[in-house]
Amino acid sequence: MIYIKKGPPPRQMARMVSEIKSGQEWKKIKAGDTKAIREKFDQLPKEVIRESLLEEQHYLCAYCMRRIKNDGRGTTIEHWYPLSEDKEKALDYRNMLAVCDGGRNWKGKRRKVLCCDAGKGNESKLTVSPMDCQQMKKIIYDKEGFIRTSPRDEDMEKDIKNVLRLNGMWKNGQFIADTSTELVKGRKDAYLRYKKAVKKLGDKKMCTSAKIKKIIREIEMEEQRPEFAGVLLYFFNKKYHELVKRGL
């Protein structure tokens, strides 16, 4: 999970939202009438909204950081605050994120463990938000591919593990299965890519804070960031601060 800085809504969307909200039909819809609210949401230009969200998110799922693209099958427009809970937020671009299918379309032999929006369901309220910069600073990763918080935030970790299921399936405190989309493996592989890059720099005697900082900036500036970019940035930033302390 990585911080997402929200921008303004696409003009076409803003225009249509204004038209919907000025109409009598919208004004008559009662809070909690999920079907009617969703019907109005479905009138919005989904492809335009998805593209705008993807640009903000550097083409990564807002929750798991897997690569996503602008299609209606593998990418979903997620309401961070449930559509059923707030009529106004249902049409608010600031409440929308682009997320992956969460394993809904997985048909392989592995156990089907859903994650992200698919694991959360439509009615679950979240505490953890990729749009909250301070929360995202608490996110950490370990070498085995698991995501945690530091300092420990019980509410965030409950969402991460039990609602979004970003650490796969657990039973009695034991890890028993990765998600259908192999998030734990993907994050572990990202860590190994980081290790390989640092070793390569070390072999060339080029592992300096300036070189690591350049790599960090390159990742941050990419229009389409690598999958699990948050893992790469976390470990490269740790390495950068370590090298600075050592005066390298």
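Everything discussed here concerns the structure shown above.
First, a word on what this report is: a plain description of the structure on this page. All values reported here derive from a predicted model rather than from experimental measurement.

## Remarks on the overall build of the protein
Right, so step 1: Within the protein one finds 10 helices and 6 strands.
Right, so step 2: Since a compact globule built from 248 residues should have a radius of gyration of about 18 Å, the 20 Å found for the protein is in line with a globular shape.
Right, so step 3: Expressed as lengths along the three principal axes of its C-alpha atoms, the size of the protein is roughly 70 × 45 × 35 Å.
Right, so step 4: By residue count, 46% of the 248 residues in the protein fall in the buried class.
Right, so step 5: For the protein, restricting intrachain contacts to residue pairs at least 6 apart in sequence, the fraction spanning at least 24 positions comes to 65%.
Right, so step 6: When the accessible surface of the protein is totalled, it reaches about 13,500 Å², and 48% of it is carbon and sulfur.

## A look at the side chain of Lys-239
Right, so step 1: For Lys-239, the position within the fold is in helix α10 (residues 229-245).
Right, so step 2: In contact with Lys-239, not counting residues within four places along its chain, are Tyr-194, Val-198, Cys-207 and Ile-212.

## Topic: the pattern of salt bridges
Right, so step 1: A full pass over the atoms with the stated rule returns 19 salt bridges.
Right, so step 2: Asp-189 is the salt-bridge partner of Lys-185, the closest N and O atoms lying 2.8 Å from each other. Pair noted here: Lys-185 and Asp-189 are both in helix α8 (residues 183-203), with a separation of 4 residues, about one helical turn.
Right, so step 3: The closest approach of N and O atoms between Asp-203 and Lys-199, which form a salt bridge, is 3.0 Å. Here Asp-203 pairs with Lys-199, and both are found in helix α8, just 4 residues apart, close to one helical turn. Here the two residues Asp-203 and Lys-199 agree in accessibility, since each one is exposed.
Right, so step 4: Linked through salt bridges whose partners overlap, the residues forming this network are Arg-152, Glu-154, Glu-157 and Lys-161.

## Notes on the nonpolar core
Right, so step 1: Core analysis: the biggest nonpolar cluster contains 68 residues, and Leu-44, Tyr-63, Leu-166, Ile-212 and Phe-236 have the highest contact counts within it.
Right, so step 2: Per-element accounting of this core gives the leading share, 9 residues, to α10.

## Topic: the pairing of strand β2 (residues 96-100)
Right, so step 1: In terms of burial, β2 is largely enclosed, as 5 of its 5 residues are buried.
Right, so step 2: Because side chains alternate across β2, one face comprises the buried residues Met-96, Ala-98 and Cys-100, and the other comprises Leu-97 and Val-99, equally buried.
Right, so step 3: Judged from the 5 bridges that link them, strand β1 (residues 75-79) and β2 form a sheet pairing that is antiparallel. If you follow Glu-78 over to β2, its bridge partner there is Leu-97.

## A word on the layout of surface pockets
Right, so step 1: If you add up the space inside the largest pocket, you get close to 500 Å³.
Right, so step 2: Lining of the largest pocket is provided by 23 residues; of these, Met-1, Ile-2, Tyr-3, Met-136 and Leu-233 occupy positions nearest its centre.
Right, so step 3: Elements represented by at least two residues in the lining of the largest pocket include exactly α6 (133-136), β3 (139-141) and α10.
Right, so step 4: Tallying contributions element by element places α10 first for the lining of the largest pocket, with 4 residues.
Right, so step 5: Among the residues making up the lining of the largest pocket, the classes are represented as 14 nonpolar, 4 polar and 5 charged.

## Details of the environment of Ala-14
Right, so step 1: Here Ala-14 lies in helix α1 (residues 11-22).
Right, so step 2: Separated by 118 residues in the primary sequence, Ala-14 and Asp-132 place their C-alpha atoms 23 Å from one another.

The rules we used
- Residue positions are given per chain, counting from 1 as you read along its sequence in written order.
- For a predicted model such as this one, the threshold for reporting local features is a pLDDT of at least 70, and the threshold for listing and counting side-chain atom pairs is 80 or more; totals across whole chains, interfaces and linings nevertheless cover every residue.
- Each side-chain value is worked out from all heavy atoms of the structure, with water and hydrogens disregarded.
- By the criteria applied, helices consist of DSSP H or I runs no shorter than four residues and strands consist of E runs no shorter than two, each listed in order from the N terminus.
- A radius of gyration in this sense is built from C-alpha atoms; the matching globule rule multiplies 2.2 Å by the number of residues raised to 0.38.
- Partly exposed describes any residue whose relative accessible area lies between the buried limit of under 20% and the exposed limit of over 50%, with all areas from a 1.4 Å probe on protein chains only and scaled to the type maximum.
- Residue contacts are counted whenever heavy atoms from the two residues lie within 4.5 Å of one another.
- The protein chains shown are the only cover counted for residues, whose accessible areas, like all others here, come from Shrake-Rupley with a 1.4 Å probe.
- Any Lys or Arg side-chain nitrogen found within 4 Å of a carboxyl oxygen on Asp or Glu counts as a salt bridge.
- Here, the term nonpolar core denotes a set of buried Ala, Val, Leu, Ile, Met, Phe, Trp, Tyr and Cys residues that are joined through side-chain atoms within 4.5 Å.
- Two strands pair if DSSP finds at least two bridges between them.
- A cavity, in this analysis, means grid points on a 1 Å lattice covering only the protein atoms where a 1.4 Å probe fits yet has no way out; a pocket is instead an open set bounded by protein on both sides within 12 Å along at least five of seven lines, and a residue lines either one if it has an atom within 4 Å of a point.
- Grid points are joined across faces, edges and corners, and a volume is the space filled by probe spheres set on the points.
- All residues other than Ala, Val, Leu, Ile, Met, Phe, Trp, Tyr, Cys, Pro, Asp, Glu, Lys and Arg, Gly among them, are scored as polar; the first ten of these are nonpolar and the last four charged.

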